[in-house]
Amino acid sequence: MRVIRNVAVLACTLTLVQVAAAQAAKPVVRVLGTGGTIGSAGGYWTGNATRVPIDQLLKISGIDSVATVETEQFLNVSSSAIGPTRWLELNHRITDLFQQRPDLRGIIVTHGTDTMEETAYFLDLTIGNERPVVVTGSMRPSDMAGADGAANLTSAVRVAVDPAGQGRGTMVMMDDRLFAARDVTKTNSTRVETFQAPERGALAIVDPEGVFYHRKSPGRSTAQFDVGTLTDLPRVDVIYSYAGADSVAIDAVVAAGARGLVIAGVGRGGSTASQGAALRRAQAKGVVVVTSTRTGSGRVPIGTGSAIGSGDLNPQKARVLLMLALSRTNDAAQIRKIFSDNQ
Ligand code: ASP
C-alpha cells in the first residue's frame, strides 16, 4: 500500500516539476496598454465608451500556451491624446524595459488606431534593439459583435515570440497581417481591414499555425535617432494643399514657431502659387520644407530642389521623420540625406 502511495506521490511531483519547467521555458512578453478602441467597451457610436484595463484585455483563451504575458497600463487614452511628448515617454519606458529585462522576448504596445502609424514609426526610428516592438489595436470595442482586439493581441504575442521577428524593429499587427511600421497606414475609417501598406505590402501573414514572413523588412537593431535625453521635439506642421488654397495656414504655423513644414500636396507634391510664395517666405526664415502627396500612395521624388521630397512616406510619416531630423540638425542637405536613407 505504502509503495503504491509513494509511486503516486512521485508521479504527482514529476508532473508538477514538468509543468514548472514548461512554464520556465515559456517566452515572456510584456504588453504596454495605452488605450484606444481596443481598450474600450460600450458606447461606441455615442461617444460614451468605458475604458477596459489592459490586464482584462489579456484574459484570452489559449494565450498562455503561446507565452507568459505581463501587462502594464502605461496610459489609457484615445490615440488623439498621444503626441510627441507621449512618444518620447513611451520610448524611454521601452528602452528601460529592454535594458532591465533581458528575459523579455519582445514588447507589445496596444494603441488607438487613428494615430497608431505615427507612434509606430517614431518607435521604429528611435528604439535600438534586436527584440521586436509590436504595435496593435482594434477597430471594434471589446464587447462589440465581431470584436477584433483579442485576435490582434494573440497574433501580436505570436509575432513577439517568433524567432524570425528578431531584428525587424517596430511592426504593426492588425487583421491577421503584420506590417513594417514605416510602410503601414490607416486607409479606412471603420473597417477591420483598414491597415495597408500601399506601395510595399505586408511583411507576414499571421495565423494559429505561425508567422509567415513573405518579404524582407529593413532590419533595425540600432536606433537611427537617440532620443534618450529629449522631452519634446521641434514643431513641424502638415499643411494640406487643395484647389484654391491660399497662404494663410502656412504663414500662421510659421508665426507659431514651426521649424519644419510638410506639404500634403496634390499629385506629386504640388501646391498653389499662393502656397508656393508662402513656402519661399518660410524657407527664407530657415524653415525646412518637405513635400509629400495627399493621394494616399506613390512617391514624391526626393529631388535636389529647395523643398525635399518625401519619397513614399505619407505626410504624417514624413512629419515624424522631419521632427526627428530637426532634433539633430537644421541643415537641409543633411535632412535630404536622412529622407533618402529612409527609402
Ligand atoms: N479613436 C480611436 C483611437 O484612435 C480609434 C481606434 O482606436 O480605433 O484611439
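Scroll up a little and you will see the structure.
K.L.:
Give a detailed account of the sheet that holds strand E16 (residues 308–309), specifying residues and quantitative values.
P.N.:
Within a sheet, adjacent strands bond to each other through the backbone by hydrogen bonds, running parallel or antiparallel. Taken in spatial order, the 4 strands line up as E13-E14-E15-E16 in an open sheet, and their pairing is parallel. Edge strands, defined here as strands with exactly one partner in the open sheet, are strand E13 (236–240) and E16. The pairing of strand E15 (residues 288–293) with E16 spans 2 bridges and is parallel. Bridge pairing in E16 links Val290 to Ile308.

K.L.:
Mind laying out the site of the ligand, listing which residues take part and the relevant values?
P.N.:
The full set of residues close to the ligand is Gly36, Thr37, Ser78, Ser79, Gly112, Thr113, Asp114 and Ser138. Residue Thr113 places a side-chain N or O atom 2.4 Å away from an oxygen atom belonging to the ligand. The protein chains hide 84% of the 270 Å² of surface that the ligand would expose on its own. Its residues placed into classes, the shell around the ligand shows no nonpolar, 7 polar and 1 charged.

K.L.:
With reference to specific residues and values, describe empty space enclosed by the protein.
P.N.:
Taken as a whole, this structure holds 2 cavities of 30 Å³ or more when the rule is applied. Counted as a void, the largest cavity has a volume near 170 Å³. Lining the largest cavity are 16 residues, with Asp183, Pro198, Asp312, Leu313 and Asn314 positioned closest to its centre. Roughly 40 Å³ of internal volume is contained in the second largest cavity.

K.L.:
So, unusual backbone geometry: which residues are in play, and what are the values?
P.N.:
Phi angles above zero are rare outside glycine, and Asp175 is one such case at about 55°. Assignment of secondary structure puts Asp175 in the loop between strand E7 (170–174) and strand E8 (177–180). Taking the relative accessible area as the measure of exposure, Asp175 reaches 30% and is therefore partly exposed. Even without glycine at this site, Asp176 takes up a positive phi of about 70°. As for its placement among the helices and strands, Asp176 is situated in the loop between E7 and E8. For Asp176, a relative accessible area of 41% gives the class partly exposed.

K.L.:
Tell me what's going on with helix H8 (residues 315–328), and back it up with residues and numbers.
P.N.:
If you check H8, its first and last C-alpha atoms are 20 Å apart, about what 14 residues at 1.5 Å a residue would give, namely 20 Å. Along H8, the positions that sit buried rather than exposed are Pro315, Lys317, Ala318, Arg319, Val320, Leu321, Leu322, Met323, Leu324, Ala325 and Leu326. Here the buried face of H8 lies against helix H3 (84–100), helix H4 (116–126), E13, strand E14 (260–265), E15 and helix H9 (332–341).

K.L.:
Go over helix H5 (residues 149–161), please, and point to the residues and values.
P.N.:
With 13 residues, H5 should cover 18 Å at 1.5 Å per step; its first-to-last C-alpha distance of 19 Å lies within 8% of that length. Across the 13 residues of H5, 10 count as buried, placing the element largely inside the fold. Those residues of H5 not exposed but buried are Gly149, Asn152, Leu153, Thr154, Ser155, Ala156, Val157, Val159, Ala160 and Val161.

K.L.:
Which residues make up the packing of H8 against H9, and what values do they have?
P.N.:
Following both chains from N to C, one finds H8 and H9 inclined at 135°, their axes separated by 10 Å at the closest point. Looking at the two axes, H8 sits oblique to H9. Every pair of crossing elements has a handedness; the one defined by H8 and H9 is right-handed. For the pair formed by H8 and H9, the contact residues are Ala318, Leu321, Leu322, Ala325, Leu326 and Arg328 on the first element and Ile335, Ile338 and Phe339 on the second. Here the contact of H8 with H9 is built from residues that sort into 8 nonpolar, no polar and 1 charged.

Cut-offs and rules
- Residues numbered from 1 in each chain as written.
- Predicted model: local features only at pLDDT ≥ 70, side-chain atom pairs only at ≥ 80, totals over all residues.
- Heavy atoms only, no water.
- Pairing = 2+ DSSP bridges.
- Helix = DSSP H or I, 4+ residues; strand = E, 2+ residues; numbered from the N terminus.
- Near = heavy atom within 4 Å.
- Polar contact = N/O pair within 3.5 Å; in protein donor to acceptor, adjacent residues only side chain to side chain.
- Areas by Shrake-Rupley, 256 points an atom, 1.4 Å probe, with all protein chains shown as cover.
- Nonpolar A, V, L, I, M, F, W, Y, C, P; charged D, E, K, R; others polar.
- 1 Å grid on protein atoms, 1.4 Å probe; cavity = no way out; pocket = protein on both sides within 12 Å on 5 of 7 lines; lining within 4 Å.
- Points joined across faces, edges and corners; volume = space filled by probe spheres on them.
- Buried < 20%, exposed > 50% of the residue type's maximum accessible area, 1.4 Å probe, protein only.
- Expected span 1.5 Å × (residues − 1).
- Contact = heavy atoms within 4.5 Å.
- Axes fitted to C-alpha atoms, helices over the stretch in contact; angles between N-to-C directions.
- Parallel < 35°, antiparallel > 145°, perpendicular 65-115°, else oblique.
- Left-handed = near helix turned anticlockwise from the far one by under 90°.

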